[in-house]
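Structure assessment
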Number of protein chains: 2
Amino acid sequence: MERLELPLSQLHAFVVLAEELHFGHAAARLGIAQPPLSQQIRRLEDKVGHALFSRASGGVTLTPAGHELLPAARSALTGLADGLAAARAVGSGQAGRLRIGFAASLALTVLPGLLRTFRQRFPGVHLDIREMPTAPQIAALHDRSIDVGLLREPPATEEELCFRTVLSEPFVAVLPAAHPLAGRRTVHLAELADSPFVLLPRAAGPGLHDQITGLCTAAGFTPRTTQRAVEWQTVCALVETGLGVSLAPAGIRRIRLKGVAFRRIEPSTARTRVAVAWRENEQNPLVTHLLAAVSPEPVDRPQRSSRSGR
Amino acid sequence: MERLELPLSQLHAFVVLAEELHFGHAAARLGIAQPPLSQQIRRLEDKVGHALFSRASGGVTLTPAGHELLPAARSALTGLADGLAAARAVGSGQAGRLRIGFAASLALTVLPGLLRTFRQRFPGVHLDIREMPTAPQIAALHDRSIDVGLLREPPATEEELCFRTVLSEPFVAVLPAAHPLAGRRTVHLAELADSPFVLLPRAAGPGLHDQITGLCTAAGFTPRTTQRAVEWQTVCALVETGLGVSLAPAGIRRIRLKGVAFRRIEPSTARTRVAVAWRENEQNPLVTHLLAAVSPEPVDRPQRSSRSGR
DNA sequence: ACGCTCCATACGCTTACTGATATCAGGTCA
DNA sequence: TGACCTGATATCAGTAAGCGTATGGAGCGT
């Protein structure tokens, strides 16, 4: 690609003149006087090395060379304008692509609302949503295969990544309706020591799993896991059939099953944190927009609930 | 199409930097120092309104906006370079299209050589060759449906058209080998008065037809046309079978048939002129090139045969 | 801590593009 | 022939882009 010194204004003048075939009218359309237009065309012709217009008496005409250049000039101008507009749209976050990883346990709680909010605000953005456990999310953020992660129990410190807590959920006990404790409003964790547990496989979310078993250990027992399921809905279904009890983030209440009761846990200090994660120095403005969408205060509401975490 | 002030040099710098992802290397490839390159990119980013590169430590990267702009910039640059090259080619007459009309009687004489010469010199040019009588050629030149005409007996004066005589051909008598005059080297026109004539229909070339009959009239007789044929080859074939004699431009000798003899005519001043015709103020350089190709002196031969006509 | 790489910034200079006004030249038409 | 429209030319000035050299500052490795 050799050096081509060529102001686009000249191409623009050329295209307009090719359309008008009249120097005066073209100059008026360009908002300049006629002599400058003559100069523009002349300069362009000098660069091409041949006449682009024939100024014979009786009217201005395109020469064959001009006819040849016209489509290239036109497509360059429009293509460039479009490309510029597209780049601006992407740059301002009105368009583009955002790849989001999310923990399975959030599919029913924070994720739907977040997506709805974001899609409303940025309809032009293509969202790539993929379910993945916390650790793979961290890895995916590092190798740039996702842009934002929605995960539980963020690691305290991670190089080049930022985290922000979105939600701090208490735990609830998941009990079959027939369970003796289901009549109570609050359940002490230790009271579940003898019940068989239904949990997610540890691999599906090691952080949350370890936290749950850690809570049990703190309450003085080791949970006896009789059954595992890969989704919370299945867990609830299994609990409903009386296969056992479970311990889950409060967001799970969204799953409404008749034979299942959700009860508050003591000690109530046990909480699981949901966080968004992203790369430091992220250049994609969509990430910033998503962070705004995920924040507890919607942008369009003036009030400040002062619940923002950092 | 709004005003977009955007030097192509910046786009070029952008594309090169996007390929190199290294300011120093890109600047070297562009043949400038590094600071100017930084300025170029910065100016372009200012115009776009967003960063196109991420200059994080560890390397330069394209931002999503830059990624969006890159293909548009690339295609604009290459498209423009191609368009410019094509326009130059057309402008210099190395490419393009040339529409040529030719009289039927030239199909075997000047036309083949002319086309061969021109094709050799300008292989990139597309030639549109169409057979048409003289008068339609004049009309076609006026309404711009052909660019060059090859015709016989050009009108003495014609508005906005130029003519140049290419060839001044004597006439020859076309005789069957068995004809009593075939043994002579030269034939007096009047001697053909009693022979039936084979001619082309007048409509196929009124100028030449009228000249032939005019010659006969000048020699004191009116040719008795017993047969007409639309091509000179057919005329010769008919002559060969003894159906009659004919009068034709000397170029017809190219048609070699055993039973046909071509003999010089007296008076030898009778000649038919072949001319090229083109529009005054023609902007297509191919026309000029064709005129050069049609001229008696080939450009690459230093010798001058001084036969050029005007 | 030092030096190295890499990019950004500051400064000064030159170029040339861009625009306007005024004027000229060629053609057409009344 | 003179009014008029066409586009070209001449001249001038303002602006901005382009370059180079010199320098600054951040990050990284030894």
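Residues numbered from 1 in each chain as written. Chains lettered and ligands numbered in written order. Predicted model: local features only at pLDDT ≥ 70, side-chain atom pairs only at ≥ 80, totals over all residues. Heavy atoms only, no water.

**Remarks on the overall build of chain A**
A count of helical and extended segments in chain A gives nine helices and 12 strands. The C-alpha radius of gyration computed for chain A amounts to 32 Å, which surpasses the reference 19 Å derived for 310 residues by more than 25%, pointing to a less compact arrangement than a globule. Referenced to the eigenvectors of the C-alpha coordinate spread, the extents of chain A come out at roughly 105 × 40 × 35 Å. Across the 310 residues that make up chain A, the buried fraction comes to 47%. The contacts in chain A between residues at least 6 apart in sequence include a share of 72% that link residues at least 24 apart. Total accessible area computed for chain A in this model is approximately 14900 Å², and 51% of it derives from carbon and sulfur atoms. Of the charged side chains in chain A, 35 are positive and 27 negative; the average position of the first set lies 8 Å away from that of the second. (Helix = DSSP H or I, 4+ residues; strand = E, 2+ residues; numbered from the N terminus. Rg over C-alpha atoms; globule rule 2.2 N^0.38 Å. Buried < 20%, exposed > 50% of the residue type's maximum accessible area, 1.4 Å probe, protein only. Contact = heavy atoms within 4.5 Å. Areas by Shrake-Rupley, 256 points an atom, 1.4 Å probe, with all protein chains shown as cover. Lys, Arg positive; Asp, Glu negative; His and termini not counted. Charge placed at Lys NZ, Arg CZ, Asp CG, Glu CD.)

**So, the protein's contact with DNA strand C**
The full set close to DNA strand C counts 22 residues, and Ser9, Ala33 and Gln40 of chain A together with Ser38 and Arg55 of chain B are the nearest of them. Backbone atoms, meaning sugar and phosphate, form 67% of the atoms of DNA strand C found within 4 Å of the protein. Arg43 of chain A places a side-chain nitrogen or oxygen 3.4 Å from a phosphate oxygen of DNA strand C. A distance of 3.4 Å separates a phosphate oxygen of DNA strand C from a polar atom in the backbone of Gly24 of chain B. Elements represented by at least two residues in the surface near DNA strand C include exactly α1 (8–20) and α3 (34–48) of chain A together with α2 (23–30) and α3 (34–48) of chain B. Per-class residue counts for the surface near DNA strand C are eight nonpolar, 10 polar and four charged. (Near = heavy atom within 4 Å. Polar contact = N/O pair within 3.5 Å; in protein donor to acceptor, adjacent residues only side chain to side chain. Nonpolar A, V, L, I, M, F, W, Y, C, P; charged D, E, K, R; others polar.)

**As for the nonpolar core**
What tends to happen in soluble globular proteins is that the nonpolar side chains get buried as a cluster. Within the largest apolar cluster, 65 residues are counted, with the highest numbers of intra-cluster contacts made by Phe14 and Phe53 of chain A together with Phe14 and Phe53 of chain B. Only α1, α2 (23–30), α3 and α4 (64–91) of chain A together with α1 (8–20), α2, α3 and α4 (64–92) of chain B provide two or more residues apiece to this core. Residues within four places of Phe53 of chain A in sequence aside, it is in contact with Phe14, Leu17, Ala18, Leu21, Ile41, Glu45, Val60, Thr61, Leu62 and Thr63 of chain A. (Core = buried A, V, L, I, M, F, W, Y, C linked by side-chain atoms within 4.5 Å.)

**Considerations on a positive patch on the surface**
Together, Arg185, Arg253, Arg256 and Arg264 of chain A make up a region of like positive charge exposed at the surface. The exposed category is assigned to Arg256 of chain A, whose relative accessible area is 70%. (Patch = residues over 30% accessible without salt bridge, like charges linked within 9 Å, V, L, I, M, F, W, Y side chains within 5 Å. Salt bridge = Lys/Arg side-chain N within 4 Å of Asp/Glu carboxyl O.)

**A closer look at the relation of the copies chain B and chain A**
At an RMSD of 0.5 Å, chain B and chain A line up after a rotation of 179° and a shift of 0.2 Å along the axis. What we have between these two chains is a two-fold relation. Judged by C-alpha distance, Ala76 of chain B is the residue of chain B that lies nearest the rotation axis, at 2.2 Å. A share of 97% of the interface residues of chain B reappears at the interface of chain A, consistent with the copies meeting face to face through the same patch. (Least-squares fit on C-alpha atoms with pLDDT ≥ 70 in both.)

**Examining the side chain of His179 of chain B**
All names here are of chain B. Mapped onto the secondary structure, His179 falls in the loop between β6 (161–176) and β7 (186–188). Reaching out from His179, the side chain makes a polar contact with the backbone nitrogen of Leu181 at a distance of 3.1 Å. With residues up to four places along the chain from it excluded, the contact list for His179 reads Ser195 and Val245.

**Topic: the UniProt feature "domain: HTH lysR-type" (unreviewed entry) in chain A**
UniProt's entry tags residues 6–63 of chain A with the feature "domain: HTH lysR-type" (unreviewed entry), counted in the numbering of this structure. Secondary structure across residues 6–63 of chain A divides into 62% helix and 7% strand, with the first and last C-alpha atoms of the span separated by 20 Å. (UniProt positions renumbered as here; feature names shortened; annotations may be inferred.)

**With respect to the confidence of the model for chain A**
Predicted coordinates in regions of low pLDDT should not be interpreted in detail. The pLDDT averaged across chain A works out to 85; a share of 94% of its residues lies at or above 70. Note that residues 297–310 of chain A has pLDDT below 50 and, in this model, eight contacts with residues that lie over four places away or in other chains. (pLDDT = per-residue confidence, 0-100.)

**A few points about the interface of chain B and chain A**
Listed per partner, the contact involves 37 residues of chain B and 37 residues of chain A. At the boundary of chain B and chain A, one finds zero salt bridges. Here chain B and chain A share 10 residue pairs in polar contact (both at pLDDT 80 or more) between them. Among the elements of the structure, α1, α3, β2 (61–62) and α4 of chain B are those that each provide at least two residues to the side of chain B that touches chain A. A per-element tally of the side of chain B that touches chain A places α4 of chain B first, with 20 residues. Split into classes, the residues belonging to the side of chain B that touches chain A amount to 20 nonpolar, 12 polar and five charged.

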